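Descriptive structure summary
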Amino acid sequence: MSGRAWHQSGPVLGIETSCDETAAAALAQDGTILAEAVLSQGDHQAFGGVVPEIAARAHLAHLPRLVAQVMNEAGLGFGDLRAIAASAGPGLIGGLIVGSGYARGAALAHGLDYLAINHLEAHALTARLPSLGLRADFPYLLLLASGGHCQAIAVEGVGRHIRLGGTIDDAAGEAFDKVAKLLGLGWPGGPALERLAREGKPNHPFPRPLLGRKGCDFSFSGLKTAVAQHVADMPPGALPRQVAADIAASFQAAVVAVMVDRARHAMTMIRAAHPACSLLVVAGGVAANAVLRVALQETAAAQGFTFAAPPLRLCTDNAVMVAWAAIERLRLGGSDPIDVVPRPRWPLAELAAP
Ligand code: KG4
Ligand code: ZN
């Protein structure tokens, strides 16, 4: 649906509320970030994981203030915008309703275009943000590893993403969080586990699920169970720090070995379809893991690929990526009907090119 025509070149406001980050960002159509804000909800710490109802209420409480802050910083009024975009799935439906409801209401009130952005596509296109200088031309391979997703994707164009493989059980970040919990670390557990692992030796041979298997699917639940069993077999009482550190290092080594093996297969797979493809991009919170980054960089180089990772704040959930995905779609003439509803499940395969 086309909105008012006189702000065709105006900035785009992006909104992200699909999990536990409440975020807003305003981008000029050339990709310049005018203002951005992210609130990582601390409300879930006591529960050791995201509680959907609490997340939705927190989005409702914080989103209007974050949007006002971003609009202020960017020196914008709603009437200056070209469009408003929100993550419309996949994700926790309560949060998606809050974010997309807000965006739809504001778009309607101010006569702007609305874009319902697929959150996975937003992650997938982030590397193309011009100011990052990563020169991510299509096609490229994306490894997306977060608390909710673990997928290898051939990014062929806007709305053209081929899922090469994905997890058949837990996401990589989920496994980090669960093992961290077993070791008595806080939540989210990934960063704490990585810190502890630095003090340990990877001396325990935990299983490496699907290693060497055809394709590039991932599996982490057997590894997580093996760690749980190992911890249960320990003498009762708190784990000595060195024991916990060795377990953390051994678990992390297993995850990295699996990710590297799967990435290598994915690079072979994408090369079969696109012989000239030579870029591996990572995204998602797990991409913050330094050991994993180094290992992936080496694997990529060995396969003749360049390795690119957006800065951490753009790897984890944020609204810059939502606004940028919207700009990519707008450039191809895409926008969405104002009454399109958010989708808790929205596989990339069901996404259409604009
Ligand atoms: O992308 P993200 O911020 O949120 C979503 O899940 O969408 O990813 C968060 C996940 C959590 O599971 C967290 O434990 C993990 O990323 N993570 C890490 C590290 N930093 C964050 N995992 C391993 N090593 C890290 N340094
Ligand atoms: Zn995400």
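Presented here is an overview of the structure given in this document. (Residues numbered from 1 in each chain as written. Chains lettered and ligands numbered in written order. Predicted model: local features only at pLDDT ≥ 70, side-chain atom pairs only at ≥ 80, totals over all residues. Heavy atoms only, no water.)

A word on the side chain of Glu194
On the secondary structure map, Glu194 appears in helix 5 (residues 189-197). Buried charged residue Glu194 carries no salt bridge. Nearest counter-charge: Arg198, at 4.4 Å. Separated by 2.8 Å, the side chain of Glu194 and the backbone nitrogen of Ala290 make a polar contact. In contact with Glu194, not counting residues within four places along its chain, are Gln252, Ala288, Asn289, Ala290 and Val291. (Helix = DSSP H or I, 4+ residues; strand = E, 2+ residues; numbered from the N terminus. Buried < 20%, exposed > 50% of the residue type's maximum accessible area, 1.4 Å probe, protein only. Lys, Arg positive; Asp, Glu negative; His and termini not counted. Salt bridge = Lys/Arg side-chain N within 4 Å of Asp/Glu carboxyl O. Polar contact = N/O pair within 3.5 Å; in protein donor to acceptor, adjacent residues only side chain to side chain. Contact = heavy atoms within 4.5 Å.)

What about the site of ligand 1?
The environment of ligand 1 is made up of 18 residues, and the closest members are Gly147, Asp177, Gly190, Glu194 and Gly285. At 2.7 Å, a side-chain N or O of Glu194 approaches a nitrogen atom of ligand 1. Residue Gly285 places a main-chain N or O atom 3.0 Å away from an oxygen atom belonging to ligand 1. When ligand 1 is considered free in solution it has 550 Å² of accessible area, and contact with the protein chains removes 89% of it. Sorting the residues of the shell around ligand 1 by element identifies helix 4 (172-182) and helix 5 as the ones contributing at least two each. At four residues, the largest contribution of residues to the shell around ligand 1 is made by helix 5. Of the residues assigned to the shell around ligand 1, the class counts are five nonpolar, ten polar and three charged. (Near = heavy atom within 4 Å. Areas by Shrake-Rupley, 256 points an atom, 1.4 Å probe, with all protein chains shown as cover. Nonpolar A, V, L, I, M, F, W, Y, C, P; charged D, E, K, R; others polar.)

Quick word on the sheet that holds strand 7 (residues 150-157)
Across the sheet, which stays open at both edges, the five strands sit in the order 8-7-6-9-10 with mixed pairing between neighbours. If you trace the sheet from one side to the other, it starts and ends with strand 8 (160-166) and strand 10 (306-308), each paired once. In this sheet, neighbouring strand axes are inclined to one another by 25° on average, regardless of whether the strands run parallel or antiparallel. Alignment of strand 9 (residues 279-283) against strand 10, held across three bridges, turns out to be parallel. What sits directly across from Val281, in strand 10, is Ala308. Along the sheet, helix 8 (residues 290-302) contacts strand 6 (140-145), strand 9 and strand 10; its crossing angle with strand 10, the most-contacted strand, is approximately 155°. (Pairing = 2+ DSSP bridges. Axes fitted to C-alpha atoms, helices over the stretch in contact; angles between N-to-C directions.)

Quick look at helix 10 (residues 320-331)
With twelve residues, helix 10 should reach 16 Å at 1.5 Å per residue; the first-to-last C-alpha distance of 17 Å fits that figure. Those residues of helix 10 that sit buried are Val320, Met321, Val322, Ala323, Trp324, Ala325, Ala326, Ile327, Glu328, Arg329 and Leu330. Directly after helix 10, the chain includes Gly333, whose backbone phi takes a positive value near 90°. (Expected span 1.5 Å × (residues − 1).)

A short note on the pattern of salt bridges
A complete count under the given rule lists 13 salt bridges for this structure. A salt bridge links Glu36 to Arg313; the shortest N-O distance between them is 2.7 Å. In this pair, Glu36 is assigned in strand 3 (residues 33-40) and Arg313 in helix 9 (residues 312-315), connecting sequence segments 277 residues apart. For Glu36, a relative accessible area of 25% corresponds to the partly exposed category. For Asp170, the salt bridge identified is with Lys178, shortest N-O distance 3.7 Å.

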